[in-house]
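For reference, the chains in residue letters:
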Amino acid sequence: MSDRIKCWHDAPGKPVFVPPAGAIDAHCHVFGPMGEFPFSPKAKYLPQDASPEMLFALRDHLGFARNVVVQASCHGTDNAATLNAIARSGGKARGVAVVDPDISEADLLALHEGGMRGIRFNFLKRLVDNAPKDKFLEVASRLPEGWHVVIYFEADILEELRPFMDAIPVPLVIDHMGRPDVTQGPDGADMKAFRSFLDSREDIWFKATCPERLDARKEGGMGDPWDNFAAAVAPLVADYQDRVLWGTDWPHPNMQDEIADDGHIVDMIPRIAPTPELQHKLLVANPMRLYWPEEL
Ligand SMILES: O=C(O)c1cc(C(=O)O)oc(=O)c1
């Protein structure tokens, strides 16, 4: 791999929507800086540096108070870059790690000390070489108190993953709603399957994230302003309002062909969560319960 890709907007607009005080961007990443935190030899993409300082400047520009930094696949199971971002945030960030399933108890506790509150299992073949379910289950059974498991998968493998996910003994958080085809609308087959999964357990949370991915033109979607996404996702947020999270997905890994304006992404919030009460749950109350429960 040679060229380092850049997938984020240099000068995102100021959103019209003003997030409530204490709003949390609960899905974002950092890349590198590579000089200090090299990418994994197994990385499927090699991005330009997206540093903690850039993330915090964006947070302030968009009107957010805190971040949840999710370990990106290009850093493999070495969480140093994500831990560095959390450490530099002055208490305004926590994180989700990706671990080698053989990780020791002591190393898990060290991740907790560093601000991690969950681990991520990634099932996207274009991002990872393998996803050993038996080993994932084993490590999920010995996480620090209060942790959860984040899972990233695509809609076509939801049913196949059900027995595995059903066996995970801690709360689940599903990245990007398991990537439904939003062009099917709110009552399409993918949304129906996802709702039936949510109905199977009360401790399954999800992120109402990624209009730029799920409604991308290259996916057959509409592109910005992502009307398919708004129509498909708003009813889901309304019906499962106590277990939904939101995030920018900055720096939008692998979206170099369709760069999204983060200001526009923030302006999706009132379209999927139209009332101040819903917005407060989505951006403050819900993520606080998972990531800063000691403050409640
Ligand atoms: O769809 C993606 O390409 C993507 C990649 C990553 C990652 O590389 O970790 O994270 C995401 O949330 C989404």
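Just so you know, these numbers come straight off a predicted model, no measurement behind them. (Residues numbered from 1 in each chain as written. Predicted model: local features only at pLDDT ≥ 70, side-chain atom pairs only at ≥ 80, totals over all residues. Heavy atoms only, no water.)

## Things to note about the packing of helix α5 (residues 158-166) against helix α6 (residues 189-199)
Thinking step 1. Direction vectors running N to C along α5 and α6 enclose 10°, while the axes themselves pass 11 Å from each other. With respect to α6, the axis of α5 lies roughly parallel. Note on element contacts: α6 touches α5 through A193, F194, S196 and F197, opposite L158, E159, R162 and M165.
Thinking step 2. Residue composition of the contact of α5 with α6, by class: 5 nonpolar, 1 polar and 2 charged. (Axes fitted to C-alpha atoms, helices over the stretch in contact; angles between N-to-C directions. Helix = DSSP H or I, 4+ residues; strand = E, 2+ residues; numbered from the N terminus. Parallel < 35°, antiparallel > 145°, perpendicular 65-115°, else oblique. Contact = heavy atoms within 4.5 Å. Nonpolar A, V, L, I, M, F, W, Y, C, P; charged D, E, K, R; others polar.)

## Thoughts on the sheet that holds strand β3 (residues 93-97)
Thinking step 1. Pairing is parallel across the open sheet formed by 8 strands, whose spatial order is β1-β2-β3-β4-β5-β6-β7-β8. With one partner strand each, in any of the chains shown, β1 (24-28) and β8 (244-245) form the two edges of the open sheet.
Thinking step 2. Pairing geometry for strand β4 (residues 116-122) and strand β5 (residues 148-152), over 5 bridges, is parallel. From the neighbouring strand, I119 faces β5, where its bridge partner is V149.
Thinking step 3. Running at roughly 140° to strand β2 (residues 66-70), helix α1 (residues 52-62) makes contact with β1 and β2 of the sheet. (Pairing = 2+ DSSP bridges.)

## Structural notes on the pattern of salt bridges
Side chains carrying opposite charge are able to pair once their charged atoms draw close together.
Thinking step 1. Inspection of the entire model under this criterion finds 18 salt bridges.
Thinking step 2. The closest approach of N and O atoms between R94 and E294, which form a salt bridge, is 2.9 Å. Of this pair, R94 sits in strand β3 while E294 sits in the segment after α11 (276-291), and the two are 200 residues apart along the sequence.
Thinking step 3. With a relative accessible area of 14%, R94 lands in the buried category.
Thinking step 4. Between R162 and D166 there is a salt bridge, and its shortest N-O distance comes to 3.8 Å. With R162 and D166 both in helix α5 and 4 residues apart, the pair spans about one turn of that helix.
Thinking step 5. Classification of R162 by relative accessible area gives buried; the value is 16%. (Salt bridge = Lys/Arg side-chain N within 4 Å of Asp/Glu carboxyl O. Buried < 20%, exposed > 50% of the residue type's maximum accessible area, 1.4 Å probe, protein only.)

## Concerning the environment of F229
Thinking step 1. Within the secondary structure layout, F229 lies in helix α8 (residues 227-239).
Thinking step 2. When its relative accessible area of 0% is taken as the criterion, F229 is described as buried.
Thinking step 3. As a C-alpha pair, F229 and F206 span 23 residues in sequence and 15 Å in three-dimensional space.
Thinking step 4. Among all residues touching F229, those that are not within four sequence positions of it are M177, V182, A208, T209, C210, P211, L214, D215, M268 and I272.

## Notes on α6
Thinking step 1. Considered for burial, the residues of α6 that qualify are M191, F194, R195, F197 and L198. When α6 is viewed along its axis, its buried side chains cluster within an angular range of 160° and face the same direction. Among the exposed residues of α6, those pointing more than 90 degrees away from its buried face are A189, K192 and D199.
Thinking step 2. The inward-facing, buried residues of α6 contact α5, β6 (172-174), β7 (204-207) and α8. (Arc of directions from axis to C-beta.)

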